[in-house]
Amino acid sequence: MPRWSANSGQTEPIAAVVAVFVVALALALYAGAFEASLPGPADRNHAEAAADRVERAVTVGGVAREGRLDAALDRAPGGFEANATLTVGDRTEHAGPTAPTTADVASRRVSVRIDAGRVIPGRLEVRVWT
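Since the structure is predicted, the reported quantities are computational estimates derived from the model, not experimental observations.

The next subject is the nonpolar core. Residues Val54, Val58, Leu69, Leu86, Val112, Leu124 and Val126 are the most contacted members of the largest nonpolar core, which totals 23 residues. Of all the secondary-structure elements, those providing two or more residues to this core are helix H2 (46–58), helix H3 (69–72), strand S3 (81–88), strand S5 (104–115) and strand S6 (118–129). Considering every element that reaches this core, the biggest residue donor is H2, with six residues. Every residue in contact with leucine 69, bar those within four places of it in the chain, is listed here: Val54, Val58, Ala84, Thr85, Leu86, Glu93, Ala95 and Leu124.

Dropping the structure here:
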């Protein structure tokens, strides 16, 4: 027999098509399983980050001061509206537009200076919406 032959190294066309189909099916299954294991979109509460920023803006030395809420509202995330409320005893201070009921809400306990040398606990509540 000669060293070369017209039939050496050849495969039946049906077997080659089946092999290509099996490899393509395996890749499709792998890609589908990989895609299913990826995490979905994150549902973030933007109010938590905004509340941290607003709290830092209204506090000096860890103590909040009344009358500083209006200046702190520019700390809302870009593209979002914000509303802040500082409640101290029976007094309440609001800043920003009225928030819808679907707004994200975050609140913090803060120390509030009401007089020289007098600090009492209060609550800072921040609402954020689009």
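This next bit is on a nonpolar patch on the surface. A surface patch of nonpolar side chains, about 630 Å² in accessible area, is lined by Ile14, Val18, Phe21, Val22, Leu25 and Leu29. In this structure, isoleucine 14 sits in helix H1 (residues 13–37). When its relative accessible area of 65% is taken as the criterion, isoleucine 14 is described as exposed.

Next up on the list: the sheet that holds S5. With mixed pairing, six strands are arranged side by side in an open sheet as S1-S2-S5-S6-S3-S4. Of all strands in the sheet, those with a lone pairing partner are strand S1 (59–60) and strand S4 (91–95), marking the two edges. With seven bridges joining them, S3 and S6 adopt antiparallel strand pairing. Following the sheet pairing, threonine 87 is matched in S6 by arginine 123. Across the face of the sheet, H2 comes into contact with S1, strand S2 (63–65), S3, S5 and S6 while running at roughly 15° to S5.

We now examine the pairing of S3. Burial within S3 is extensive, with six of its eight residues counted as buried. Taken together, S3 and the strand that follows it, S4, pair antiparallel across an intervening segment of two residues, in which glycine 89 is found at a positive phi of about 60°.

Under the criterion given, the structure shown has six salt bridges. A salt bridge links arginine 108 to glutamate 55, with the shortest nitrogen-to-oxygen separation between them at 3.8 Å. Linking arginine 108 in strand S5 with glutamate 55 in helix H2, this pair joins segments that are 53 residues apart in sequence. On the basis of relative accessible area, arginine 108 is assigned to the buried category, the value being 15%.

What follows deals with the environment of alanine 82. Examined against the element boundaries, alanine 82 turns out to sit in strand S3. Judged by its relative accessible area of 9%, alanine 82 is buried. Between the C-alpha atoms of alanine 82 and glycine 96, which are 14 residues apart in sequence, the distance is 6.3 Å. Each residue touching alanine 82, except ones within four places of it in the same chain, is listed here: Leu73, Ala76, Ala95, Gly96, Pro97, Arg127 and Trp129.

Okay, the confidence of the model for the protein next. Per-residue confidence for the protein gives a mean pLDDT of 85, with 89% of residues at or over 70. The lowest-confidence element of the protein is H3, averaging 82 in pLDDT; the highest-confidence one is S6, averaging 93.

About the thresholds
Residues numbered from 1 in each chain as written. Predicted model: local features only at pLDDT ≥ 70, side-chain atom pairs only at ≥ 80, totals over all residues. Heavy atoms only, no water. Core = buried A, V, L, I, M, F, W, Y, C linked by side-chain atoms within 4.5 Å. Buried < 20%, exposed > 50% of the residue type's maximum accessible area, 1.4 Å probe, protein only. Helix = DSSP H or I, 4+ residues; strand = E, 2+ residues; numbered from the N terminus. Contact = heavy atoms within 4.5 Å. Patch = residues over 30% accessible without salt bridge, like charges linked within 9 Å, V, L, I, M, F, W, Y side chains within 5 Å. Areas by Shrake-Rupley, 256 points an atom, 1.4 Å probe, with all protein chains shown as cover. Salt bridge = Lys/Arg side-chain N within 4 Å of Asp/Glu carboxyl O. Pairing = 2+ DSSP bridges. Axes fitted to C-alpha atoms, helices over the stretch in contact; angles between N-to-C directions. pLDDT = per-residue confidence, 0-100.

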